[in-house]
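Residues per chain, in single letters:
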Amino acid sequence: TAWSRRACPSGRPALARGHRTKIPRLAPSVAVPLAALLLLTACGPSARSDSAPAPVADNPALTALFNADQKARKGGIPDLKAGLRMSLTDAERRDQVRAMLDRGEVRSGTDYWRAGFIFQHGNRPDDFLLAHALATAALSLGEQDGAWLAAASLDRYLLATGRPQIYGTQFI
């Protein structure tokens, strides 16, 4: 199919209808925060309100998962056996958070920040990239702690994919 360029409202070129491109399918647990992030950032300042968003209640189940994630890290570096056990429980927590994302149960800035922290403790680049998207969404919803997590998760993702970190948050 032929394609042509036309200008979108921002002045950047956009592809006209009919252009075929292969778009990878994303799981809802990745697509939902990524779509929220894109919507929040793509509209630009003119689409944002100067008033603070209405407060949204934090998800207590996600809070419990976050607290368990943090508690598992108290006491320093674990030995091999404890480290393997922690890796398994981390994976279980990530699965539970993915399910919450799929069901739309992650709603507040604090929820996104906590979910991001849980994925920051993942073991694959995709976990770190999702942590970055969640932290950025948290920041856009007013959760200021999301700034550090956005930087740290991006650095962790970059290192995991063989690239140098930007912010220097990860010990090598």
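Preceding this paragraph is the structure being described.
Nothing here was measured: the structure is a model prediction, and the numbers come from that model.

1. Regarding the overall build of the protein
For the protein, the count of helices and strands is six helices and two strands. The linear arrangement of helices and strands in the protein, starting from the amino end, is β-β-α-α-α-α-α-α. Across the protein, the fraction of contacts at a sequence separation of at least 24, relative to all contacts at a separation of at least 6, is 55%. With the model as given, the accessible surface of the protein reaches about 11000 Å², and the carbon-plus-sulfur share is 59%.

2. Here we look at the pattern of salt bridges
Across all of its chains, the model carries ten salt bridges by this definition. One salt bridge connects Asp 69 with Arg 73, and the closest N-O pair in it is separated by 3.3 Å. The residue Asp 95 makes a salt bridge to Arg 98 at a minimum N-O spacing of 3.4 Å. Remark: Arg 98 and Asp 95 occur in helix H3 (residues 80-102); sequence separation between them is three residues, near one turn of the helix. One salt-bridge network, in which partners are shared between bridges, spans Arg 94, Asp 95, Arg 98, Arg 124 and Asp 127.

3. Quick look at the packing of helix H4 (residues 109-120) against helix H5 (residues 125-140)
H5 packs onto H4 with a crossing angle of 160 degrees between their chain directions and a minimal axis gap of 8 Å. Relative to H5, the element H4 is oriented roughly antiparallel. By crossing handedness, the relation of H4 to H5 is classed as left-handed. Contacts from Gly 109, Tyr 112, Trp 113, Ala 115, Gly 116, Phe 119 and Gln 120 in H4 reach Asp 127, Phe 128, Leu 130, Ala 131, Leu 134, Ala 137 and Ala 138 in H5.

About the criteria used
- Residues numbered from 1 in each chain as written.
- Predicted model: local features only at pLDDT ≥ 70, side-chain atom pairs only at ≥ 80, totals over all residues.
- Heavy atoms only, no water.
- Helix = DSSP H or I, 4+ residues; strand = E, 2+ residues; numbered from the N terminus.
- Contact = heavy atoms within 4.5 Å.
- Areas by Shrake-Rupley, 256 points an atom, 1.4 Å probe, with all protein chains shown as cover.
- Salt bridge = Lys/Arg side-chain N within 4 Å of Asp/Glu carboxyl O.
- Axes fitted to C-alpha atoms, helices over the stretch in contact; angles between N-to-C directions.
- Parallel < 35°, antiparallel > 145°, perpendicular 65-115°, else oblique.
- Left-handed = near helix turned anticlockwise from the far one by under 90°.

It is worth stressing that arrangement in space is one thing and function is another; only the former is reported here.
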